[in-house]
Number of protein chains: 2
Amino acid sequence: MLFLDIQDHDFDLKFEAILSRGDETGREVEQVVLDIISDVRRRGDAAVLELTRRFDRLDAGSLAELEVTAEEVETAFSQVDPQDIAALKLAVERVGRFHEKQKQRTWLSTEELDVMLGQKVTPLARVGIYVPGGKASYPSSVIMNAVPARVAGVGEIIMVAPTPGGEINPHVVVAAKLSGVDRIFRIGGAQAVAALAYGTATIPKVDKVTGPGNIYVATAKKLVFGQVGIDMIAGPSEILVISDGSGTPAHIAADLLSQAEHDELASSILITTDRSFGERVAAEVERQLGQLSRETIARTSWEKYGAVIVASSLEEVIEFSNRIAPEHLELAVSDPFAILPQITNAGAIFMGHWTPEAAGDYLAGPNHTLPTGGTARFFSPLSTDDFVKKSSIVYFSEDGLKRMGNDIVRIAGLEGLEAHGKSVSIRLENK
Amino acid sequence: MLFLDIQDHDFDLKFEAILSRGDETGREVEQVVLDIISDVRRRGDAAVLELTRRFDRLDAGSLAELEVTAEEVETAFSQVDPQDIAALKLAVERVGRFHEKQKQRTWLSTEELDVMLGQKVTPLARVGIYVPGGKASYPSSVIMNAVPARVAGVGEIIMVAPTPGGEINPHVVVAAKLSGVDRIFRIGGAQAVAALAYGTATIPKVDKVTGPGNIYVATAKKLVFGQVGIDMIAGPSEILVISDGSGTPAHIAADLLSQAEHDELASSILITTDRSFGERVAAEVERQLGQLSRETIARTSWEKYGAVIVASSLEEVIEFSNRIAPEHLELAVSDPFAILPQITNAGAIFMGHWTPEAAGDYLAGPNHTLPTGGTARFFSPLSTDDFVKKSSIVYFSEDGLKRMGNDIVRIAGLEGLEAHGKSVSIRLENK
């Protein structure tokens with residue numbers, strides 16, 4: 001863990017190690033994934049079956065056998081504690097309500113008498129949601145991807161999840177069903193992404209693939225981008241906590257550790273105007289680390305990519321925060337709304353002392369799929385908008401074309417595109 | 001040109017050639033561009049200067065000398081016909097008005113007493129707009145990229161345009177100024193994209209790069225994606241005209257040619273329920289081709305990628321249109337609004353007999369940067385939304401955390417993320 005003063009002469013240099021973590025591109029991975037994609041395009045179902053056998057040790061006579069059946073869904077429901085089902089339902093309901101508010105409508109402007117302009121909003125016809133297998137198989141990921149798609153009005157939601165050895169996480173199946181997923185296939189890796197992007201005899205071709213995954217999945221998404229839409233490519237997760245010294249050190253320490261336990265590349269940073277508060281938080285982190293079941297992961301993350309930074313003013317703190325554009329930003333200050341307008345770059349902003357990041361991870365309502373690694377400068381959280389597309393609507397009446405025809409012809413002329421002008425003038429000539 | 005019946009047994013096979021045009025990926029181009037990007041990252045200004053000298057035959061002592069000065073802007077205005085300036089102003093004004101309507105606001109929901117949720121909309125701080133040089137240097141491209149950025153509230157708009165031999169198109173300079181571009185640099189190619197993405201001593205680092213360009217520019221944009229945001233990667237342009245036989249063949253022919261004159265890879269397709277109408281349009285295309293200044297380009301495009309398709313019903317026509325998801329779609333039918341709801345995939349929809357695509361290209365208002373090659377299935381036109389990003393806002397009061405704390409802890413438990421749960425329980429324990 002770094003304990004830094006923001007005005008140290010070598011601050012930027014030291015901090016760079018945290019910012020550039022997980023920055024390898026992996027040309028070999030790309031070649032492996034390219035081969036898998038072309039194999040799936042060429043051989044379809046057979047390729048996916050074979051790769052699933054190889055990577056997930058899962059043998060099946062056909063891809064159809066890998067679809068989760070209605071009975072298996074029922075079994076999953078019977079395996080899950082009713083109170084867990086209730087908690088997942090609450091999450092689905094709240095995430096749904098938030099994403100409803102993001103819905104945009106088709107509009108048509110009628111302010112001109114001879115021209116109407118508008119924008120048609122249409123849900124995607126079919127999307128694929130990737131859910132990682134094994135330990136990182138989280139029901140909350142299913143909810144955060146499937147619910148916005150359902151709210152947007154997507155026609156069919158296909159989920160894929162690798163099930164090494166065949167076992168599927170019942171919480172994930174329950175979450176999928178509660179969120180409106182239509183079909184679930186037990187496939188994963190680059191082969192699942194390729195199957196969704198290009199379609200096979202059994203796996204329907206989709207318009208967009210979203211959801212987290214390992215480096216092979218992320219690379220496959222990048223490579224099929226353009227063939228289908230994708231959500232952002234997420235890097236390692238991070239939290240920045242801004243403190244004016246007004247909170248409780250133990251709470252802030254717990255928040256930092258909730259990020260650190262994710263994985264060893266996660267980064268948890270506190271920046272504060274109060275040095276002694278910073279020291280107390282650092283001590284609390286050490287104390288709490290020993291109590292965690294995921295201590296090894298959290299400790300590695302904290303030691304390598306954790307930091308406590310002391311700044312001399314809140315202005316300096318905010319400037320720093322906007323510069324690194326954190327995925328998760330906690331404003332652990334006495335009056336968080338007073339500084340909200342100054343926050344220009346952040347994935348999600350957690351306001352005040354009673355809003356730990358974990359609240360947003362599960363059921364507050366906003367999406368937990370957020371831009372990482374400084375990309376909050378230009379990327380946004382996953383939203384309902386990611387599951388629709390827009391079409392412009394242009395209507396000219398004869399009067400409208402007459403009114404603007406000359407200007408259209410003139411600009412076409414400037415650009416040397418005579419036929420563009422002619423498509424207008426030919427309509428007006430014999431009038 | 002293909003004259004096809006949609007029910008021909010080999011229709012799909014024949015049509016495939018049109019759909020897959022311009023589908024090469026170009027691994028060599030990628031290597032060249034990777035080298036340029038790493039050179040610009042390493043040597044900054046010096047690399048950009050050297051590459052500009054090599055590719056644009058433009059020599060300068062420093063990159064600063066390649067910035068267009070206020071005097072040069074004045075000169076450009078004096079070189080352009082006042083009526084052309086008026087036409088460009090009309091376009092800027094109308095495009096601005098349309099894009100204003102796309103603006104989303106920051107919102108905060110107060111429907112719960114103990115939890116507030118919202119979404120903050122923040123303009124990008126700085127964007128770069130690429131404008132191709134030479135023949136394809138279009139003032140309308142400048143308007144369609146810069147105006148949405150300005151309307152969105154972007155802090156600074158940097159335009160780059162290669163000027164082979166040093167000459168800059170005065171219409172482009174005028175359009176830039178009218179659209180709100182802040183600074184213009186006479187650089188282009190992959191080196192300009194790299195300079196914008198990473199910044200050099202002279203070229204400011206931006207958050208997003210938009211605008212059309214050749215294969216080197218498109219590849220560079222793809223490779224810097226993630227470091228900065230980009231707009232879509234545009235493929236060759238296309239138009240689909242849907243006709244019920246109610247229009248004027250000469251008008252439809254002119255519309256098809258306005259697309260064909262763009263470049264040899266452009267594709268112009270008519271689909272109609274009226275075979276004899278289709279034949280008359282095809283004859284008109286032949287007649288009008290001979291009158292065009294860009295006849296060679298238009299003829300090549302029409303011969304290679306033009307088509308007239310006869311279908312037996314409007315349902316069949318619409319099904320086809322949605323399947324190919326055209327960039328530009330003209331509904332040249334007597335009652336276009338009656339079929340609008342059935343159009344699910346299209347970049348821009350031109351309604352009725354008085355709305356040639358060219359109207360939308362310049363000054364109707366909607367953006368002319370549209371998804372090509374079937375990507376309207378999941379991509380949208382360039383919009384104001386492309387120049388902002390969103391941050392989620394989550395506020396829990398003590399009561400809110402108490403109300404939902406147990407469910408958060410429960411879901412964290414399901415996921416094996418104990419520290420997530422602890423960040424909640426530690427706040428509630430001693431209460």
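Think of each chain on its own: its residues are numbered from 1, step by step along the sequence as written. Here chains are named by letter from A upward and ligands by number from 1 upward, in the order in which they appear as written. Residue-level local features of this predicted model are given only where pLDDT is at least 70; pairs of side-chain atoms are given and counted only at 80 or more, and the full residue set underlies all totals for whole chains, interfaces and linings. The side-chain figures draw on all heavy atoms in the structure; neither hydrogens nor water molecules are used.

1. Observations regarding the packing of helix H11 (residues 275–289) of chain B against helix H12 (residues 295–305) of chain B
Angle between the axes and distance between the axes: these two values describe a pair of packed helices. Residue and element names in this part refer to chain B. Here the axes come from fitting lines to C-alpha atoms, over the contacting stretch only for helices, and the angles between their N-to-C directions go from 0 to 180 degrees. The secondary structure listing takes helices from DSSP runs of H or I that are at least 4 residues long and strands from runs of E that are at least 2 residues long, numbered from the N terminus. At a minimum axis separation of 10 Å, H11 and H12 run at an interaxial angle of 155°. With respect to H12, the axis of H11 lies roughly antiparallel. As H11 runs across H12, the sense of the crossing is left-handed. When H11 is examined against H12, the residues Val285, Glu286 and Leu289 are found in contact with a partner set consisting of Glu295, Ala298, Arg299 and Trp302. Under the scheme applied, nonpolar residues are Ala, Val, Leu, Ile, Met, Phe, Trp, Tyr, Cys and Pro; charged residues are Asp, Glu, Lys and Arg; polar residues are all the others, including Gly. Class assignment for the residues of the contact of H11 with H12 results in four nonpolar, no polar and three charged. When describing relative orientation, an angle under 35 degrees is termed roughly parallel and one over 145 degrees roughly antiparallel, while 65 to 115 degrees is termed roughly perpendicular and anything else oblique. Here a crossing is taken to be left-handed if its near helix is turned anticlockwise relative to the far helix by less than a right angle, and right-handed if that turn runs clockwise. In what follows, a contact means two residues having at least one pair of non-hydrogen atoms within 4.5 Å.

2. Brief notes about the packing of aromatic side chains
Pairing of aromatic side chains here covers Phe, Tyr and the six-membered ring of Trp, requires ring centres within 6.5 Å, and sorts the geometry by plane angle: under 30 degrees stacked, over 60 edge-to-face, intermediate tilted. Counted according to the given criterion, the structure contains 15 aromatic pairs over all chains. Note on Phe11 of chain B and Phe320 of chain B: the rings are 5.9 Å apart at their centroids and 70° apart in plane angle, and the pair reads as edge-to-face. Of this pair, Phe11 of chain B sits in helix H1 (residues 11–19) while Phe320 of chain B sits in helix H13 (residues 314–324), placing them 309 residues apart in sequence. Exposed residues in this analysis have more than 50% of their type's maximum accessible area, buried residues have under 20%, and partly exposed residues fall in between, with area computed by a 1.4 Å probe over protein chains only. In this structure Phe11 of chain B comes out as buried when scored by relative accessible area, which is 3%. A residue is classified by how much of its surface remains accessible, and Phe320 of chain B, at 1% relative accessible area, is buried. A centroid spacing of 4.8 Å and a plane angle of 70° characterise the contact between Phe378 of chain B and Phe379 of chain B, whose relative ring orientation is edge-to-face. Taking relative accessible area as the criterion, Phe379 of chain B reaches 18% and is therefore assigned buried. By the ring-pair criterion, three or more aromatic residues cluster together here, those being Phe225, Phe378 and Phe379 of chain A together with Phe225, Phe378 and Phe379 of chain B.

3. Remarks on the relation of the copies chain B and chain A
In this comparison the copies share one frame, found by least squares on the C-alpha atoms of residues holding pLDDT of at least 70 in both. Of the transformation superimposing chain B on chain A, the axial component is 0.0 Å and the angular component is 180°, with the fit at an RMSD of 0.0 Å. Within this description, the copies of the chain are treated as partners about a two-fold rotation axis. With an isologous cut-off of 70% or more, the 100% of interface residues of chain B that recur at the interface of chain A puts this contact in the isologous class.

4. A short note on the UniProt feature "binding site: substrate" (unreviewed entry) in chain A
The UniProt entry lists Ser237, Gln259, His262, His328, Asp361, Glu415 and His420 of chain A under the feature "binding site: substrate" (unreviewed entry), expressed in the numbering used here. Spanning 184 residues, the annotated positions stay apart in the fold, the maximum distance between their C-alpha atoms being 56.1 Å. Setting aside residues no more than four positions away along its own chain, Gln259 of chain A makes contact with Ser237, Glu238, Ile239, Ala266, Ser267, Ser268, His328 and Glu357 of chain A. Here Asp361 of chain A shows up in helix H15 (residues 357–362). By relative accessible area, Asp361 of chain A is classed as buried at 6%. In contact with Asp361 of chain A, not counting residues within four places along its chain, are Ser140, Met144, His328 and His368 of chain A together with His420 of chain B. UniProt positions are given in the numbering used here, feature names are shortened, and annotations may be inferred rather than shown by experiment.

5. Thoughts on helix H11 (residues 275–289) of chain A
All names here are of chain A. In this scheme, a helix's expected span is set at 1.5 Å multiplied by one less than its residue total. Between the first and last C-alpha of H11 there are 21 Å, a value that for 15 residues agrees with the 21 Å anticipated at 1.5 Å per step. Those residues of H11 not exposed but buried are Phe277, Gly278, Val281, Ala282, Glu284, Val285, Gln288 and Leu289. Each buried residue of H11 lies within a common arc of 165° when the element is viewed along its axis, so the set occupies one face. Of the residues flanking the start of H11, the one acting as N-cap is Asp274, its side-chain oxygen 3.1 Å from the backbone nitrogen of Ser276. It is the directions from the helix axis to the C-beta atoms whose arc is reported. For this analysis, a polar contact is any N or O atom pair within 3.5 Å, provided that within protein one partner can donate a hydrogen and the other can accept it, and provided that sequence-adjacent residues contribute only side-chain to side-chain pairs.

6. Focus on the interface of chain B and chain A
One frequently used descriptor of interface size is the decrease in accessible area upon assembly of the parts. Taken together, the contacts link 119 residues of chain B with 121 residues of chain A. Accessible area that two parts lose when put together, with a 1.4 Å probe and added across both, is what the buried area reports. For the pair chain B and chain A, the two sides together bury roughly 10,600 Å², of which 59% comes from carbon and sulfur. Broken down residue by residue, the surface that chain B buries against chain A is led by Trp354, Tyr362 and Arg427 of chain B, which jointly contribute 8%. Criterion for a salt bridge: a side-chain nitrogen of Lys or Arg within 4 Å of a carboxyl oxygen of Asp or Glu. The interface formed by chain B and chain A includes 14 salt bridges. Note that Arg410 of chain B is salt-bridged to Asp81 of chain A, the shortest N-O span being 3.8 Å. Ranked by the residues each element gives to the side of chain B that touches chain A, the list is headed by helix H16 (residues 398–414) of chain B, at 10 residues. When its residues are assigned to classes, the side of chain B that touches chain A shows 57 nonpolar, 32 polar and 30 charged. Only strands joined by at least two bridges in the DSSP assignment are considered to pair. In the sheet, strand E13 (residues 348–351) of chain A pairs with strand E14 (residues 388–396) of chain B via four bridges, with the strands oriented parallel. Among the inter-strand pairings, Ile349 of chain A is bridged to a residue of E14 of chain B, identified as Ile393 of chain B.

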